[in-house]
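Take a look at the letters that make up each chain.
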Amino acid sequence: MKAGAGLVLTAPFTPMLFMGEEWGTDTPWQYFTDHTDPWLADTVAEGRRAEFARFGWPPGDIPDPQDKATFLRSKLDWSQLDHEEHRDVLAWYRELIALRRARPELTDPRLDRVRADYSEDERWLVVRRGRLRIAASLGSVPRRLPLGGRGAAVLAASCPGITLDGATVAMPPAAFAVVTV
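The following refers to the structure shown. Residue positions are counted from 1 within each chain, in the order its sequence is given. Since the coordinates come from a predicted model, pLDDT governs what is reported: local features require at least 70, and pairs of side-chain atoms require 80 or more to be given and counted, while whole-chain, interface and lining totals use all residues. With hydrogens and water set aside, each side-chain value is computed from the structure's full complement of heavy atoms.

A closer look at the environment of Ala11
Thinking step 1. Mapped onto the secondary structure, Ala11 falls in the loop between α1 (2-9) and α2 (38-53).
Thinking step 2. Spatially, the C-alpha atom of Ala11 lies 12 Å from that of Val126, the residues being 115 residues apart in sequence.
Thinking step 3. Here, residues are in contact when the closest pair of their heavy atoms is within 4.5 Å. Contacts of Ala11, omitting those with residues within four sequence positions, involve Arg100, Leu106 and Arg129. Put simply, DSSP H or I for four residues or longer makes a helix, DSSP E for two residues or longer makes a strand, and each gets a number counted from the N terminus.

If you want it as structure tokens, here you go:
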């Protein structure tokens, strides 16, 4: 989850977060409505059933958008912020947002200034944005990723164990880092 958040918040686009994503909520988001016109309410509910049936969902598993319980299930559980794992994810999002504000390279939308090196087979990606390298190791084994220059400092790391070694960054599995060169 942290590696994915890192990729979203360092991408050369405006990041879009869904409610509760910034703390890793597990609250489901179910489409709900409050139509007062019975015909419209029935039509929307039937449309949802037909839409989900095309994906093989059993009719009984499709939430009724007019049912108040559908709305209530979709409300964020703010008490999750009392749990360490959710506070940790929120702290990571805050760190990445602060880095994005502090480093103009991360808000520059010009794609001609973005370069990427990757290996689909080894499941890693290094995005070059000015003097920054956005490094993601998305596989299940540790990797050394090429930085395209001598690494100077790790500005953000999704987990411990990310280290610089000359022109490479050593990363544990499923890890993310922002590095200066």
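What follows continues from the structure just given.
Some details on the pairing of strand β3 (residues 132-137)
Thinking step 1. Remark: exposure states derive from per-residue accessible area (1.4 Å probe, protein chains only) relative to the maximum for the residue type, with buried under 20%, exposed over 50%, and partly exposed in between. Of all six residues that make up β3, six are buried, and the element is covered over most of its length.
Thinking step 2. Burial along β3 is two-sided: the residues Leu132, Ile134 and Ala136 and Arg133, Ala135 and Ser137 are all buried.
Thinking step 3. At least two DSSP bridges between two strands are required for those strands to pair. In this sheet, β3 lies alongside strand β2 (residues 124-129) in antiparallel orientation, the contact comprising six bridges. Note on β3: the bridge partner recorded for Arg129 is Leu132.
Thinking step 4. The hairpin formed by β2 and β3 contains two residues between the paired strands, and Gly130 there has a positive phi angle of roughly 65°.
Thinking step 5. As defined by bridge partners, β3 adjoins strand β8 (residues 175-180) across six bridges and the pair is classed as antiparallel. Within β8, the residue paired with Ala136 across the bridge is Phe176.

Here we look at the sheet that holds strand β4 (residues 143-146)
Thinking step 1. The strand order β4-β7-β6 describes an open sheet built from three strands, whose pairing is antiparallel. The strands lining the two open edges of the sheet, one partner per strand, are β4 and β6 (163-165). When the angles between neighbouring strand axes are averaged without regard to direction, this sheet yields 30°.
Thinking step 2. As defined by bridge partners, β4 adjoins strand β7 (residues 168-171) across four bridges and the pair is classed as antiparallel. From the neighbouring strand, Pro146 faces β7, where its bridge partner is Thr168. Helix axes are fitted to C-alpha atoms over the stretch in contact, other axes to C-alpha atoms as well, and angles between N-to-C directions run from 0 to 180 degrees.

Thoughts on the packing of aromatic side chains
Thinking step 1. Each Phe, Tyr or Trp ring, with Trp reduced to its six-membered ring, pairs with another whose centre is within 6.5 Å; inter-plane angles below 30 degrees give stacked pairs, above 60 give edge-to-face pairs, and intermediate values give tilted ones. This model, assessed by the stated rule, comprises six aromatic pairs.
Thinking step 2. Ring centres 4.8 Å apart and planes at 50° place the aromatic pair Trp23 and Trp78 in the tilted group. Remark: Trp78 occurs in the loop between α3 (68-73) and α4 (84-102) and Trp23 occurs in the loop between α1 and α2; sequence separation between them is 55 residues.
Thinking step 3. Note on Trp23: relative accessible area 2%, which makes it buried.
Thinking step 4. Classification of Trp78 as exposed rests on a relative accessible area of 55%.
Thinking step 5. Between Trp29 and Phe32, the ring centres sit 5.4 Å apart and the planes meet at 65°, which makes this aromatic pair edge-to-face.
Thinking step 6. For Trp29, a relative accessible area of 45% puts it in the partly exposed group.
Thinking step 7. On the basis of relative accessibility, which here comes to 28%, the residue Phe32 falls in the partly exposed class.
Thinking step 8. An aromatic cluster of at least three residues, connected via ring pairs, comprises Phe18, Trp29, Phe32 and Phe71.

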